[in-house]
Structures are given as structure tokens and as C-alpha cells.
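Chain residues, written in single-letter form:
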Amino acid sequence: MSRLRRAATGATAVALTASLPYWLPRLVIDLRVRLFAQVNGEEGIPAPGREVPVEEFKRVYGHPAANGRSRGAALSDLFWYWLSPGPEVHQEHLEPGPRYDEVARTTRQILAGLSRERWSELVGRCTRRVLDELDQGIGGYGAREHRVRLRDLMMPVWAEVYYEVVFREPCPRHVRDLIVGNADDVVSALKCTSLRHMDRRNRLTAYLRDRLAGDPPPVPLPSLLSRREQAYYLQGTFFNTAVVQTSEAMAHLLLALATHQSVQNRLLSGEEDADYLDHVINETLQHFPLFGVAHRITTDEIPRAGRPAIPAGSVLLFNYPEYQRSGSTGPQRFDPGRWLSADTRPSAFIPFGVTANRPCPARGFAVLTMRVAAEELLRRFRLASAAEHTRSLPSRGPCLLIPHTPRRTTVAWRPATRAARLAGMRLGDRWGAIPRSLIQLALGGYMVWDARRQGLCRNYFATAAGDTAVPAVAGSR
């Protein structure tokens, strides 16, 4: 090989290696999606899609027949697997009927027990306590500019909040650790960055069962559930979903501020009206919706004018990100100002679901609580990040927290040093995505296979029906 050819080969290898962070993770993600589809079986009607266009999305989603939740969908085995223990009594996965009605009513009663003023006080107090711990160096962060993972930073806040919402008393530190360990394990498994650790989940279940036996919460729990199922209900609804989803929402909001300094500057200047932060929250939820694809199983035929009816037993796949993108006006830039006018406000915006079909129970106060937590953080810190911001956020949101008024003992970073830290963050985030995406491919493939093998949902309904054999699931091969 000539010297010129060796040089060209070397340059090509260097260029290919340098470009890995920009194409390999996306390639692996595409491969993982195809693997999931193949293992789960080709089931489902995408919405929006060819059979359910954008203009029919909300009508079909809200139709009374689109009310089946778990039974009859191969995807349910996977969600039950990720949400174990207790998916059979998780509010989002209960079939319609008396058990679902009582569970949903209990959740509303627990959440409605706090006024908006009480919600604000509670969230503010819990956020300040966690930030005080951060400033004191608890967990090894140190007493200066902090490099944090935003999801990890916010999870203890919401663990304390929802414990107090349920039990109407402050959360003990050891219980907060149980809740955070459980919630982190659930979300890490969902994002395929880690396998499930059922011992972490079972420790929280054991605590809740003991607590309910001796000192139950003020709001009576669903009478149609056994004591064990009541513990599962609290764990799934409040200490899985509520803690995980609110932590994710806050991580997206804070990372959006950290990566859009002009928006953050407007908030910190104090010149904007009180609604501006709400516009930022809405813009964040528009770009990074918390729900991905919600599946519903039709329990009856859904008739449609000018189109074939959707048969009973169909699995409808409601794609939130795809639907919300369809209603955006103008380029896909981060622009809270679009919410100032009805002419520019996105027309397809369902951050908390569709009212007629199991909407998020937190829809009445989620924006309020996010605003309070963000304001507490912005009073102390400026946020800066160079991490890539994606909806799945498997990186957990790397971010620098820069104090507004450093203490005398605080080491203040010079601008050049801070720029170097951000450059290092950008580099680490890009290259860290390579092994992380490969881990997600391997662990995700295994968990999809293991979920189909265990068939938690399939076997549960087979046993409930008194069947001796496990029936085939719609869409399975």
C-alpha cells in the first residue's frame, strides 16, 4: 500500500471514528425499535396514521369503545413487566369496571385534599430542603458550582411531595430513599439503561404493607382491593408514575432553560409577566411530551363517517409526539412566545391526555407545581448545559448549577473554566451515547423477550378467566 493510500485510509478511519457519536446512537435506536416491533408482533393501528388521520385522533381516542387497557394486547406483557410489582392494580392498566372506577375516584380524592395554596407550599418546602442538602454537600456534590443529573436531582423532591400528599405527614429520609430507589429502577428499566431490580421494588412494597396495617392514610383506600393490592396501588400510582413523570417533566423543563439561555435570561430578569414561565412549561411539554405511545383496546366497534369502522378487539396506538408535532405552526424551534396568541399556539396539544379517556390525574395542578419547583431552583442558581436534549432523555439531563451569590467559601469558576466544563460535558454526552445506546439495545432486547416469555398480563387474565391454557394474544406470532 502506497504512503498516499495509507494516509487516506487513516484519515477515513479517523473521520469515521470522530463521527460515531452523530450517527451510531441513532442507528442503534432504529435497530432497537425494529427489534421491539419484531419481538412484540405486528399489532396495532397507529394514530395518527393512514387508518386514523390527525383530524380523527381525538375523536377516536375519546370514543367510549376505546376503553380496553391491558387484556388483548401483546404490548401489555411488556408494560406489566416494566411496572411490576402490582401492574394488575395500577390505575393506568386496570380494565374498565368497578375496580377502575373506585381506584380512579380514590386517586382524585387524595389529590384534591390539597388546595392550590397547599400544593405551592408543599412543593416549595420540599424543593428547598433538597436544594439545601445539595448546598451542604450531601451526596458528594460539594459546596460550589454543582454538576448534577436533573432527573436525579428532582426525584427526591417529588418522592417527599407525594408521600406527604398520600399520608399527610412529612416523609422520613429512609422512606424517601425507598421511593427514589423504586422510581429510579422503574424508569431506568423503561429506558432500557438497566435491568429491573425487583428487590428495590419489593422493599417499598413491604414498607407500604406494614404502614397500611398499622397506620393507613387519611383517605380510605379502594375497598375492592386487598391489603396487598392497596400497597401495590399506592406504589404504582403515586410512587412509580407520579414521582417518575413529574421528575421527568422537571428534568425537561430545567434542561430546556439550561440550553436556551435567552429564555432563562428573560425569566431571571424579572421583567416578564407571571405567565411567562407557564408558557415555557407548555412549550417544553409540546416539544418533549411525557407520554410516548398509549395503547387502547377497542371493546366495541368504532363507526366513522366515510371510513371503515374500527373493529372490536383492535389495538389502537396513540402516538403523542407525532400528534403534537402535527399541530405546530412555524419551525420546530423552542419559542415560548408562540403561546401568547391563539393564532400561533399549537392546535394539537394534549400534555395530559384526552379528557374522555383516562386523562392524567395531575392535569389540574401539574403546571402549578412545576412552576413552584422551577422558581425555587432559579432563585438560587443559573442553569447551563451542553447535553443533547431528547424526549427519552436516557442521560438523565446533565447540567451545571451556578449559584447567583456564591458564599465566601465557594469556589467560583472563571468564565473560561466554565466554558471548558461545558465543552467537556458536550463531549462526554456525545461519546457517552455510544455505549449507552448499545446497552439499551442489549438490555431492551432481553427485557422484551423476557416479558413475552413471562407473559404477566396474558397469564393473569387467563387465570382470572379460569382457563387451563394460556390463550394467544392479539398480534402475537
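Everything numeric in this text was worked out from a predicted model, so none of it was measured.

Scoring rules and cut-offs
Residues numbered from 1 in each chain as written. Predicted model: local features only at pLDDT ≥ 70, side-chain atom pairs only at ≥ 80, totals over all residues. Heavy atoms only, no water. Patch = residues over 30% accessible without salt bridge, like charges linked within 9 Å, V, L, I, M, F, W, Y side chains within 5 Å. Areas by Shrake-Rupley, 256 points an atom, 1.4 Å probe, with all protein chains shown as cover. Salt bridge = Lys/Arg side-chain N within 4 Å of Asp/Glu carboxyl O. Helix = DSSP H or I, 4+ residues; strand = E, 2+ residues; numbered from the N terminus. Buried < 20%, exposed > 50% of the residue type's maximum accessible area, 1.4 Å probe, protein only. Axes fitted to C-alpha atoms, helices over the stretch in contact; angles between N-to-C directions. Parallel < 35°, antiparallel > 145°, perpendicular 65-115°, else oblique. Contact = heavy atoms within 4.5 Å. Core = buried A, V, L, I, M, F, W, Y, C linked by side-chain atoms within 4.5 Å.

## Here's the deal with a nonpolar patch on the surface
On the surface, a cluster of nonpolar side chains totalling about 300 Å² of accessible area is made up of Leu 195, Tyr 446 and Trp 449. In this structure, Tyr 446 sits in helix 14 (residues 415-454). Here Tyr 446 falls in the partly exposed class, since its relative accessible area comes to 37%.

## Quick word on the packing of helix 7 (residues 173-190) against helix 9 (residues 227-259)
Here helix 7 crosses helix 9 at 70 degrees, and the two axes come no closer than 9 Å. Between helix 7 and helix 9, the angle falls in the class roughly perpendicular. Residues Ile 179, Asn 182, Ala 183, Val 186 and Val 187 of helix 7 pack against Gln 235, Phe 239, Asn 240, Val 243, Val 244 and Glu 248 of helix 9.

## Notes on the nonpolar core
Judged by nonpolar contacts, the single largest core of 86 residues is most densely connected at Trp 119, Leu 153, Trp 158, Val 161, Tyr 162, Leu 234 and Phe 239. The greatest single-element share of this core, amounting to 18 residues, is contributed by helix 9. Ignoring anything within four residues of it in the chain, the contact list for Leu 234 reads Val 166, Phe 167, Leu 208, Leu 212, Leu 221 and Phe 239. Counting residues in hydrophobic clusters, the runner-up holds 18 residues, among them Ile 45, Tyr 320, Tyr 323 and Ile 350.

## Thoughts on the pattern of salt bridges
With the rule as written, the count across this model stands at 36 salt bridges. The residue Arg 304 makes a salt bridge to Glu 56 at a minimum N-O spacing of 2.9 Å. Separated by 248 residues along the polypeptide, Arg 304 in strand 4 (residues 302-304) and Glu 56 in the loop between strand 1 (45-47) and helix 2 (57-61) bring together distant segments of the chain. Summarising the burial analysis for this pair, Arg 304 and Glu 56 share the class buried.

Read these as layout, nothing more, since geometry by itself doesn't imply function.
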